[in-house]
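# Per-entry structural report
Residues per chain, in single letters:
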Amino acid sequence: MLSNPRKWMRGAVAVAAATLLWFAALWIDSDAIYERLGMGMHAVTFLAIFVGLSAVAVALIFRRFARVREDLIAGRGVVAGWTVDEATFAAFAPKALADDAADKRMALLTIFGFVAVIFGAFAIYDPDVAGPMLAMAAALCVVVTLAWLLGGRVSAEHWVWRGGEALIGQGGLMFNGVLHVWSVPLSWLSSARLSDHPAALRVVYAYFSPRAGPQPIEVAIPVPPHAREAAGRAAAALRKR
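The structure contained in this document is the topic of the report that follows. From a predicted model like this one, the values you see are computed outputs, not experimental measurements.

By secondary structure assignment, the location of Asn176 is in the loop between strand S3 (172–175) and strand S4 (178–181). Here the side chain of Asn176 touches Val160 through a polar contact of 2.8 Å, landing on its backbone oxygen. Not counting chain neighbours up to four residues away, the residues in contact with Asn176 comprise Leu2, Phe89, His158, Val160, Trp161, Arg162, Gly163, Gly164 and Glu165.

Here is the structure:
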């Protein structure tokens, strides 16, 4: 995450607060609302409950992100830190972007394969619904492709040099202004190691997605020669977790 999580937290709180307006209206005059919406009033109430609870959960997650970010900036819980110069950063960025693009491309092709098999099976099993099924498959592929393109733009933005500062903490890290957090519910730290050619600290963490299961994320941080000791200290500290 490149932006300040506090902004997203406030937005989620605003959405949660907005749903309370519906319940206030129900408390004031539910009969009038029922006369206007009929049974649709219950559907709106269910939607308001779902959106409100989801917004509260999102706000709590971003609150945790904000705390981790603020602790890192203040030096609280930081196990190691160093600065990557612009030349080292520029040399490292193309390989990191290429690896990330390859991973995203493989994920995209895998999703396309699942969509083809699942929707194609429905279309073959019942030719009467083949048209709608294929239309839904095409729409889903378009949405997934747009998400893939957006992910590529975000990755490219992350690899624009912004000072190259690396701060490694127990609950998350921040490199070049981009925040990564694993100390939130349904997330965990998987591994931390040093690699050569190019020298980098590679941290892998994951989060659980209800739809796709565990989703790993690898963060590669360049390690200039002067930062080798600090990077080794960070890897050792994270492995103890």
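Strand order in the open sheet formed by four strands is S1-S2-S3-S4, with antiparallel pairing between adjacent strands. Both outer strands of the open sheet, strand S1 (78–83) and S4, are each paired with one neighbouring strand and no more. The sheet shows a mean angle of 10 degrees between the axes of neighbouring strands, taken without regard to direction. For S1 and strand S2 (residues 165–169), the ladder comprises five bridges, and the chain directions are antiparallel. Counterpart to Ala80 in the pairing with S2 is Ile168.

Its 29 residues place the ends of helix H4 (residues 130–158) 42 Å apart at the C-alpha level, agreeing with the 42 Å of an ideal helix rising 1.5 Å per residue. Inspection of H4 places Ala130, Met133, Ala137, Val144, Gly151 and Ser155 among the buried residues, and these make up the whole buried set. Here the buried face of H4 lies against helix H3 (86–125).

Here we take up the side chain of Arg202. Among the secondary structure elements, Arg202 is positioned in strand S6 (residues 200–209). Owing to a relative accessible area of 11%, Arg202 belongs among the buried residues under this scheme. At 2.9 Å, the side chain of Arg202 and the side chain of Ser195 are in polar contact. Excluding its chain neighbours within four sequence positions, the residues that come into contact with Arg202 are Phe92, Ser191, Ala192, Arg193, Ser195, Glu218, Val219 and Ala220.

Quick notes on the rules
- Residues numbered from 1 in each chain as written.
- Predicted model: local features only at pLDDT ≥ 70, side-chain atom pairs only at ≥ 80, totals over all residues.
- Heavy atoms only, no water.
- Helix = DSSP H or I, 4+ residues; strand = E, 2+ residues; numbered from the N terminus.
- Polar contact = N/O pair within 3.5 Å; in protein donor to acceptor, adjacent residues only side chain to side chain.
- Contact = heavy atoms within 4.5 Å.
- Pairing = 2+ DSSP bridges.
- Axes fitted to C-alpha atoms, helices over the stretch in contact; angles between N-to-C directions.
- Expected span 1.5 Å × (residues − 1).
- Buried < 20%, exposed > 50% of the residue type's maximum accessible area, 1.4 Å probe, protein only.

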